[in-house]
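Here are the chains, one letter per residue:
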Amino acid sequence: MSGTTPTGEQEPAGAAAPVVDPRLLVRERGMAGYVEEFRRKIRGGELGAIPVVVGLIIIAVVFQSLTGTFLTPGNLSNITVYIAGPGLMAVGIVLVLLLGEIDLSVGSMAGLSAAIWAVLSVGQGVNDLLAIVLAIAAGAVVGTIHGFFFAKIGVPAFVVTLAGFLGWSGLQIWIMGSEGTINIPRDSLVRDFNNFYFSDIAAAYGLALLITLGYAAALWTGERRRAAAQLPTRQIVDLAVRIGLVAVASFTVAYVLNQHRGLPLALVIFLAVLIAADFMVRRTSYGRQIFAVGGNAEAARRAGINVVRVRLTVFTIASSLAALGGLFWAAQAGGASKSLGSGNLLMNVIAAAVIGGTSLFGGRGWIWSALLGTLVIQSITTGLNLLGMASEIQYMITGAVLLIAVVVDSVSRRTQRTAGRT
């Protein structure tokens, strides 16, 4: 049958109706639409954070049943402190992985930044805050060097950062000199990274309220923009459920923390970095450029994106976060040493990003992978420590979890290609 166009003109007989992607109508269909969308994603291999969340629940249930103390407020509070250092480094690794690249130098950069801070602050009497800033600045310089050789010269990132892994470890040992270890003074700001807690219960609950209100504001702003652009929007019930879930999670964590010593400074800084990085990746043009370069660098270049700039700045940010994470790592270790940052730190940081849901193949992932993946690894480590398991058992279990995560990622990508999505 013939009809009329939006301008009032007569449509020719037999004209096809415009095709609308049903995925765009999910928001308008309420719960039924989301159930259908969930099924579509599962069939298409888009699992998101589901495997990680399920894994965390299983880990908590298993270790609580075996130890009886895993879910105590003290243990859970300690986990939130222990994840800060490697979690900050994992945020940088997530950004690098979104480019489809790898950074093997984060462990040595962490050790180098701790050495620089310790020698300047403790050894040379430099102002503690200034020493921290200089240590992080050193990370930015190192990342810029890596990014220059990779993005400008064309040396593979694997080779550049492997050379950095060796070279910066050597520089770390040289800076430490004859000192095997430099302990952190009791009045140091770095010591507060591990030991300072906001003991007033209002701090934890206030942060939970701030997170809930911030999330609600972000949702509301996004829906207003979609409405202005005449795009489908979520129903009020949907918004209320989402905000309610965030509120329950936030206030539950706040309640647990207040049962121990209060809100850890380490968690506050880690969450601040996560939120800032997530905003950058999802809400700015620079973040979209990162995904574009990671998805197809040549297509991004032809679209007018400065690929060299994106790659160079991502490596700069990653090394800066590795330097900051190194200071947290030193705070947990009680000081800087020639061996700080060695061992399995690098592998755990990379594993955290991948286990959390960021693809090793580039162009797919999210910043909160750093939190989820680090939580998985630290929960396993803490649970095995409570059981008195040897470190070699921890390595084997962590390696198995990493392998499972990569297999899930590979199968997911293959399923998406089969379903006609990339």
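Residues numbered from 1 in each chain as written. Predicted model: local features only at pLDDT ≥ 70, side-chain atom pairs only at ≥ 80, totals over all residues. Heavy atoms only, no water.

### Remarks on the overall build of the chain
As a reminder, the rule being used: Numbering of helices and strands runs from the N terminus, with a helix taken as a DSSP run of H or I at least four residues long and a strand as a DSSP run of E at least two residues long. Relative accessibility thresholds used throughout: buried, under 20% of the residue-type maximum; exposed, over 50%; partly exposed, between the two (1.4 Å probe, protein chains only). Residues are treated as being in contact if the distance between any of their heavy atoms lies within 4.5 Å. Every accessible area reported is derived by Shrake-Rupley at a probe size of 1.4 Å, with residue values counting cover from the shown protein chains alone.
A tally of regular secondary structure across the chain gives 17 helices and 4 strands. Looking at the chain residue by residue over its 422 residues, the buried ones come to 43%. Taking as baseline every contact in the chain between residues at least 6 positions apart, the subset at least 24 positions apart corresponds to 77%. Per element, the accessible surface of the chain, about 20800 Å² overall, is 66% carbon and sulfur.

### Regarding the nonpolar core
Selection rule: Here the nonpolar core consists of buried residues drawn from Ala, Val, Leu, Ile, Met, Phe, Trp, Tyr and Cys, with membership extended through side-chain atoms lying within 4.5 Å.
Among the nonpolar cores identified, the biggest contains 101 residues, and Val91, Trp117 and Ile290 are the most heavily contacted of them. Per element, the largest residue contribution to this core is 13 residues, and it comes from helix H14 (residues 307–333).

### A look at the side chain of serine 369
Note the cut-off: A 3.5 Å cut-off defines polar contacts: any pair of N or O atoms within that distance qualifies, except that in protein one atom must be a possible hydrogen donor and the other a possible acceptor, and neighbouring residues in sequence count only when both atoms are side-chain atoms.
Tracing the chain through its elements places serine 369 in helix H16 (residues 369–386). Side-chain polar atoms of serine 369 contact the side chain of threonine 358, separated by 3.0 Å.

### A short note on the packing of aromatic side chains
One pair of aromatic rings is described through two measures. These are the centre distance and the angle between the planes. Rule in force here: Any two rings among Phe, Tyr and Trp, with Trp reduced to its six-membered ring, count as a pair given centres within 6.5 Å; such a pair is stacked if its planes are under 30 degrees apart, edge-to-face if over 60, and tilted if neither.
As enumerated under the stated definition, the model contains 6 aromatic pairs in all. Between phenylalanine 148 and phenylalanine 149, the ring centres sit 5.6 Å apart and the planes meet at 80 degrees, which makes this aromatic pair edge-to-face. Consider the rings of tyrosine 205 and phenylalanine 251, whose centres lie 6.3 Å apart with planes at 20 degrees: the pair is stacked. In this pair, tyrosine 205 is assigned in helix H9 (residues 201–228) and phenylalanine 251 in helix H10 (residues 236–258), connecting sequence segments 46 residues apart. Residue classification places tyrosine 205 among the partly exposed positions, given a relative accessible area of 27%.

### Notes on the environment of phenylalanine 270
Locating phenylalanine 270 in the fold gives a position in helix H11 (residues 265–283). Phenylalanine 270 sits 182 residues away from leucine 88 along the chain, and the two C-alpha atoms are 6.4 Å apart. Not counting chain neighbours up to four residues away, the residues in contact with phenylalanine 270 comprise Ile83, Ala84, Gly87, Leu88, Val91, Ala370 and Leu371.

### A look at the packing of H11 against helix H12 (residues 285–295)
Working note: a packed helix pair is described by the angle between its axes plus the distance between those axes. We apply this condition: In this analysis an axis means a line fitted to C-alpha atoms, helices contributing only their contacting stretch, and an angle means the value between N-to-C directions, from 0 to 180 degrees. In what follows, roughly perpendicular refers to angles from 65 to 115 degrees, roughly parallel to angles under 35, roughly antiparallel to angles over 145, and oblique to any angle outside these ranges.
Following both chains from N to C, one finds H11 and H12 inclined at 75 degrees, their axes separated by 5 Å at the closest point. It follows that H11 is roughly perpendicular to H12 by the angle criterion. Two secondary-structure elements touch here, H11 through Met280, Val281, Arg282 and Arg283 and H12 through Ser285, Tyr286, Gly287, Arg288, Ile290 and Phe291.

### Considering the packing of helix H4 (residues 84–98) against H16
For the record, the criterion: Crossing handedness: left-handed means the near helix sits turned counterclockwise from the far one by under a right angle, and right-handed means the same turn made clockwise. Each residue is assigned to one class: nonpolar for Ala, Val, Leu, Ile, Met, Phe, Trp, Tyr, Cys and Pro, charged for Asp, Glu, Lys and Arg, and polar for all the others, Gly among them.
Running from N to C, H4 and H16 cross one another at 130 degrees; their axes reach a closest spacing of 8 Å. Classed by the angle they form, the pair H4 and H16 counts as oblique. As for how H4 packs across H16, the hand of that crossing is right-handed. Mapping the contact onto sequence places Pro86, Gly87, Ala90, Val91 and Val94 in H4 and Ser369, Ala370 and Thr374 in H16. Taken together, the residues that form the contact of H4 with H16 break down as 5 nonpolar, 3 polar and no charged.

### Some words on the pattern of salt bridges
Put simply, the rule is: One speaks of a salt bridge when a side-chain nitrogen belonging to Lys or Arg is within 4 Å of a carboxyl oxygen belonging to Asp or Glu.
Across all of its chains, the model carries 4 salt bridges by this definition. A salt bridge links aspartate 278 to arginine 282; the shortest N-O distance between them is 3.1 Å. One end of the pair is aspartate 278 and the other is arginine 282, both in helix H11 and 4 residues apart, which spans about a single turn. Under the relative-accessibility criterion, aspartate 278 is labelled buried at 8%. What emerges from the salt-bridge pattern is a single network uniting Glu298, Arg301 and Arg302.

### Structural notes on the confidence of the model for the chain
Here is the rule we go by: Scored between 0 and 100, pLDDT is the confidence that the predictor attaches to each residue.
When pLDDT is averaged along the chain, the result is 86; 86% of the residues meet or exceed 70. Note that residues 1–9 has pLDDT below 50 and, in this model, 12 contacts with residues that lie over four places away or in other chains. In this model residues 14–21 is a low-confidence stretch, pLDDT under 50, and it forms 2 contacts with partners more than four residues away in sequence or in other chains.

### Observations concerning helix H6 (residues 128–153)
In plain terms, the rule: Multiplying one less than the number of residues by 1.5 Å gives the expected span of a helix.
When the terminal C-alpha atoms of H6 are compared, their 37 Å separation across 26 residues agrees well with the 38 Å that a helix rising 1.5 Å per residue should span. Packed against the buried residues of H6 are helix H5 (106–123), helix H7 (157–176), helix H8 (189–195) and H14. A side-chain oxygen of the first residue of H6 lies 3.0 Å from the backbone nitrogen of leucine 129; this N-cap is asparagine 127. Once H6 finishes, glycine 154 follows within two positions and takes phi at roughly 100 degrees, a positive value.

### Looking at the environment of threonine 233
Counting through the fold element by element, threonine 233 comes out in the loop between H9 and H10. By relative accessible area, threonine 233 is classed as partly exposed at 24%. Distance in space between the C-alpha atoms of threonine 233 and glutamate 223 is 5.9 Å, their sequence separation being 10 residues.

### Remarks on helix H2 (residues 50–67)
Our working definition: Working definition: the arc comes from the directions between the helix axis and the C-beta atoms, pointing outward to the latter.
Here H2 spans 26 Å end to end across 18 residues, near enough to the 26 Å set by a 1.5 Å rise per residue. Residues of H2 that are buried include every one of Val52, Leu56, Ile59, Ala60 and Phe63, and no others. What you see down the axis of H2 is that its buried residues fit within an arc of 95 degrees, all on one side. Exposed residues on H2 whose side chains face more than 90 degrees from its buried face are Ile57, Val61 and Ser65. Contact partners of the buried residues in H2: helix H15 (345–355) and H16. Looking one or two residues past H2, glycine 68 carries a phi angle of roughly 80 degrees, positive in sign.

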